[in-house]
Amino acid sequence: MNKNKTHIQRLVGTAVLAALVVILQFFVSIPVGIFTITLTLVPIMIGAILFGPATGAFLGGVFGAVVSIQVVTGAAGVISFAMFEYTPVITIALCLLKGIAAGLVSGLIFRLFEKLGKTWLGTVLSAIACPITNTGIFAVGVLIFYQTLLGQWAIEYQFASAISFLMIGMIGLNFVVEFAINVAIIPVVMRVITVVKKKF
């Protein structure tokens, strides 16, 4: 009975976090320049820590699916839509992969350190790994598959090179803010973990 109850609690918790991912990505993204800053990595990280890597990957997949919809419809901005027009399949795959990997890596890191009895360190590293993985995969994907577009955008937006446009124009502020948010809420996440673990 207790096992079934725990399973139900996990399902409900995952469903709530998935709904939060959708709401945050659709309605609370902050437009900055040619891209938007998302708060969606927070529930992904929390789900990965509370319920494990598989849940983190699932929530990351939900995030990736929502981003894909926004890219296809043009809601994610002109740059994202241009990427989709340039190579649709790779663009959607990149949206899904970076989200899934962010949740998976975040969960794996936390589980590793939790087994070592270092929950606090695991939470910190998990919070750091989530945005780094998400942004890192995006950056590598863009460098590999969109070099032509990068060169065009560098000229259009008056950057010194394609790399500088990628690092400053496309990633820059977005990554810094997302990273700062994830790290800033670590004390809150620790409190949530403590409460949830007691219930489980």
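It should be noted that the structure appears before, not after, this text.
All figures in this text were calculated on a predicted structure; none of them were measured in a lab.

Chemist: Mind laying out the overall build of the protein chain, listing which residues take part and the relevant values?
Modeler: Helix and strand counts for the protein chain come out as nine helices and two strands. Ordered by position from the N terminus, the helices and strands of the protein chain form the series α-β-β-α-α-α-α-α-α-α-α. Relative to its length of 200 residues, the protein chain is compact, with a C-alpha radius of gyration of 18 Å against a globular reference of 16 Å. Considered along the principal axes of its C-alpha atoms, the protein chain spans approximately 60 × 30 × 25 Å. Looking at the protein chain residue by residue over its 200 residues, the buried ones come to 47%.

Chemist: I'd love a proper account of helix 3 (residues 53-73), names of residues and values included.
Modeler: Helix length check: helix 3, at 21 residues, gives a terminal C-alpha distance of 30 Å against a target of 30 Å (1.5 Å per residue), a fit within 8%. Summarising burial for helix 3: 15 of the 21 residues are buried, a large majority.

Chemist: Can you lay out the nonpolar core for me, pointing to particular residues and giving the numbers?
Modeler: Residues I44, M45, I46 and V189 are the most contacted members of the largest nonpolar core, which totals 29 residues. Breaking this core down by element, the ones donating at least two residues are helix 1 (2-27), helix 2 (41-51), helix 3, helix 5 (88-115), helix 6 (119-145) and helix 9 (186-199). The dominant element in this core, judged by the number of residues it contributes, is helix 2, at eight residues. Ignoring anything within four residues of it in the chain, the contact list for M45 reads S106, S126, A127, C130, N182, I185 and V189.

Chemist: Tell me what's going on with the environment of T14, and back it up with residues and numbers.
Modeler: With respect to the secondary-structure elements, T14 resides in helix 1. Its relative accessible area of 13% is what places T14 among the buried residues. Between the C-alpha atom of T14 and that of F58, which follows or precedes it by 44 residues, the distance is 8.9 Å. With residues up to four places along the chain from it excluded, the contact list for T14 reads F51, T55, F58 and L59.

Chemist: If you had to explain the state of the cysteines to someone new, which residues and values would you point to?
Modeler: In this structure the tally under the stated criterion is zero disulfides. Between C95, a free cysteine, and C130, which holds the nearest cysteine sulfur, the sulfur-to-sulfur gap is 16 Å. Relative accessible area serves as the criterion here: at 7%, C95 is assigned to the buried category. C130 sits in the buried class, given a relative accessible area of 0%.

Chemist: A description of a nonpolar patch on the surface should follow, citing residues and the corresponding values.
Modeler: On the surface, a cluster of nonpolar side chains totalling about 640 Å² of accessible area is made up of V140, L143, I144, F145, I163, M167 and I168. Among the secondary structure elements, those contributing two or more residues to the nonpolar patch are helix 6 and helix 8 (162-184). With four residues, the single largest contributor to the nonpolar patch is helix 6. Looking at the element boundaries, I163 is found in helix 8.

Chemist: Any chance you could break down the packing of helix 7 (residues 147-156) against helix 8 for me, citing the residues and the numbers?
Modeler: Between helix 7 and helix 8, the least distance of the axes is 8 Å, while the angle of their chain directions is 75 degrees. Between helix 7 and helix 8, the angle is such that the two are roughly perpendicular. Contacts from L150, G151, W153 and A154 in helix 7 reach A162, F165, L166 and M170 in helix 8.

Rules behind the numbers
Residues numbered from 1 in each chain as written. Predicted model: local features only at pLDDT ≥ 70, side-chain atom pairs only at ≥ 80, totals over all residues. Heavy atoms only, no water. Helix = DSSP H or I, 4+ residues; strand = E, 2+ residues; numbered from the N terminus. Rg over C-alpha atoms; globule rule 2.2 N^0.38 Å. Buried < 20%, exposed > 50% of the residue type's maximum accessible area, 1.4 Å probe, protein only. Expected span 1.5 Å × (residues − 1). Core = buried A, V, L, I, M, F, W, Y, C linked by side-chain atoms within 4.5 Å. Contact = heavy atoms within 4.5 Å. Disulfide = S-S within 2.5 Å. Patch = residues over 30% accessible without salt bridge, like charges linked within 9 Å, V, L, I, M, F, W, Y side chains within 5 Å. Areas by Shrake-Rupley, 256 points an atom, 1.4 Å probe, with all protein chains shown as cover. Salt bridge = Lys/Arg side-chain N within 4 Å of Asp/Glu carboxyl O. Axes fitted to C-alpha atoms, helices over the stretch in contact; angles between N-to-C directions. Parallel < 35°, antiparallel > 145°, perpendicular 65-115°, else oblique.

Read these as geometric descriptors, not functional statements.
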